[in-house]
Amino acid sequence: MTRRRLDLGVASYRNPERLRKTLETIEANSWTDWRCFIVHNATHDDESRMASDVAHRAVRMNNRFRLVSQENSGYAGAVNRIFELAETPYVAYLDNDVEILTPGWDEKLCDILDRAPEVGQVFPGAGHYGFYSGKYHECLWNAGYAWVLRREAGMKIKECWPANTLMDEALGHHDEVDMAIRLRLAGYRIACDPEVNILHHQSATSSPESAKRIHAGVVRFMNKWNRYFVGDAIKHPNPEMGPWVGEEKREHYDPRYLRFTDF
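Presented here is an overview of the structure given in this document. If you're wondering where the values come from, they're calculated on a predicted model, not measured in any experiment. (Residues numbered from 1 in each chain as written. Predicted model: local features only at pLDDT ≥ 70, side-chain atom pairs only at ≥ 80, totals over all residues. Heavy atoms only, no water.)

## Topic: the overall build of the protein chain
Within the protein chain one finds 7 helices and 11 strands. Taking 18 Å as the expected radius of gyration for a compact globule of 263 residues, we find that the protein chain reaches 19 Å, a close match to that expectation. With the C-alpha coordinates aligned to their principal axes, the bounding extent of the protein chain is approximately 60 × 50 × 30 Å. The proportion of buried residues among the 263 residues of the protein chain is 52%. Carbon and sulfur atoms form 50% of the exposed surface of the protein chain, whose accessible area is close to 12,700 Å². If you average the places of the 34 positive and of the 38 negative side-chain charges in the protein chain, the two averages end up 2 Å apart. (Helix = DSSP H or I, 4+ residues; strand = E, 2+ residues; numbered from the N terminus. Rg over C-alpha atoms; globule rule 2.2 N^0.38 Å. Buried < 20%, exposed > 50% of the residue type's maximum accessible area, 1.4 Å probe, protein only. Areas by Shrake-Rupley, 256 points an atom, 1.4 Å probe, with all protein chains shown as cover. Lys, Arg positive; Asp, Glu negative; His and termini not counted. Charge placed at Lys NZ, Arg CZ, Asp CG, Glu CD.)

## Here we look at the pairing of strand β1 (residues 5-12)
Working note: regular strand, side chains alternate between the two faces of the sheet. With 7 of 8 residues buried, β1 lies mostly within the body of the structure. You can see the chain leave β1, run along helix α1 (residues 16-29) and come back into strand β2 (residues 33-42), and the turn it takes is right-handed. Where β1 and strand β4 (residues 90-95) come together, 5 bridges link them in parallel fashion. Bridged to A11 within β4 is D95. (Right-handed = clockwise from strand over helix to strand, strands pointing away. Pairing = 2+ DSSP bridges.)

## Side note on the sheet that holds strand β6 (residues 119-124)
Backbone-to-backbone hydrogen bonds pair the strands of a sheet. The strands run either parallel or antiparallel. Overall, mixed pairing links the 9 strands, which are arranged β3-β2-β1-β4-β9-β6-β10-β8-β7 in an open sheet. One side of each edge strand has no neighbouring strand; the edge strands of this open sheet are β3 (65-71) and β7 (131-132). Against the sheet, helix α5 (residues 151-159) engages β4, β6 and β9 (146-150), with an angle of about 80° to β9. (Contact = heavy atoms within 4.5 Å. Axes fitted to C-alpha atoms, helices over the stretch in contact; angles between N-to-C directions.)

## Remarks on the nonpolar core
The biggest cluster of nonpolar side chains holds 35 residues, and the ones touching the most others in it are W147, L166, M179, L183, F221 and F260. Secondary structure elements with two or more residues in this core: α3 (74-85), β4, β9, α5, α6 (175-185), β10 (189-193) and α7 (208-229). Contact partners of L183, with chain neighbours within four places excluded, come to Q121, L149, A153, I157, Y188 and I190. If you look at the next biggest cluster of nonpolar residues, it comprises 34 residues, including A55, I100, C110 and A116. (Core = buried A, V, L, I, M, F, W, Y, C linked by side-chain atoms within 4.5 Å.)

## Comments concerning α3
Between the first and last C-alpha of α3 there are 17 Å, a value that for 12 residues agrees with the 16 Å anticipated at 1.5 Å per step. Looking only at α3, the buried set comprises A76, G77, A78, V79, N80, I82 and F83. (Expected span 1.5 Å × (residues − 1).)

## Description of the packing of α5 against α6
For any two helices packed against each other, one specifies the crossing angle of their axes together with the interaxial distance. Interhelical geometry of α5 versus α6 gives an angle of 95° and a closest axis separation of 10 Å. By the criterion of interaxial angle, the relationship of α5 to α6 is roughly perpendicular. Every residue of α6 that contacts α5 at A153, I157 and K158 is listed here: M179, R182 and L183. Residue classes in the contact of α5 with α6 are distributed as 4 nonpolar, no polar and 2 charged. (Parallel < 35°, antiparallel > 145°, perpendicular 65-115°, else oblique. Nonpolar A, V, L, I, M, F, W, Y, C, P; charged D, E, K, R; others polar.)

## Considerations on the pattern of salt bridges
For the structure on display, the rule yields 17 salt bridges. With a closest N to O distance of 3.3 Å, R35 and E87 form a salt bridge. Within this pair, whereas R35 is found in strand β2, its partner E87 is found in the loop between α3 and β4, the two being separated by 52 residues in sequence. For R35, a relative accessible area of 16% translates into the label buried. Residue D111 pairs with R115 through a salt bridge whose shortest N-O separation is 2.9 Å. In this pair, D111 and R115 both sit in helix α4 (residues 105-115), 4 residues apart, roughly one turn of the helix. (Salt bridge = Lys/Arg side-chain N within 4 Å of Asp/Glu carboxyl O.)

Dropping the structure here:
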């Protein structure tokens with residue numbers, strides 16, 4: 001029987017040992033006829049060069065891996081590059097610090113897209129605000145460390161976005177939540193599979209610098225969609241105002257602000 005072709009991508013950024021484990025578990029537990037683009041967000045330091053070496057070795061050992069190096073464009077920039085390179089009807093994504101624990105994870109997630117044409121994206125795990133719809137498990141969204149996207153749905157939201165990109169590179173965080181809203185506005189649903197277990201080590205979210213970046217990204221995300229749905233009738237907080245680790249400075253949301261669950 002012919003195996004399904006699936007293009008997938010990994011956003012590489014420093015963290016060579018985690019990247020090594022990610023690539024090893026892709027090889028060990030993927031059942032599709034896969035091709036993996038390792039998009040390396042390069043920085044000029046030893047850890048980045050070591051991660052690049054890990055990727056080069058993977059390419060030498062298995063020609064299913066393809067290395068693409070670029071200046072650091074963050075998570076959203078790497079995902080956009082992967083989507084540009086991918087050619088298959090479904091496109092999968094994995095962070096550089098995951099371990100795939102479920103054999104056949106890729107076929108299991110793609111199977112939901114096969115069975116439910118209204119689903120634009122599938123995540124592993126239970127998802128946020130997950131529930132069983134009677135046909136599959138649906139969720140509001142899930143963390144963006146692993147997912148499979150229907151290419152047709154990605155093209156639709158990309159073409160309707162002024163920047164003509166799959167993900168909004170101006171946010172800095174909540175990129176995958178932003179994409180989930182745009183998928184729903186385009187008429188698609190978001191699904192998940194609680195039986196697919198992909199461990200995420202969350203390496204990029206544990207420093208004070210990351211806390212600042214994450215907070216600013218969340219505020220930009222909230223501002224973007226409140227402006228879309230409400231306009232400028234309410235006060236939009238400044239993304240550069242805290243709270244930061246060890247600081248008291250804080251600019252609060254307007255009490256009339258819509259939250260993601262309201263969208």
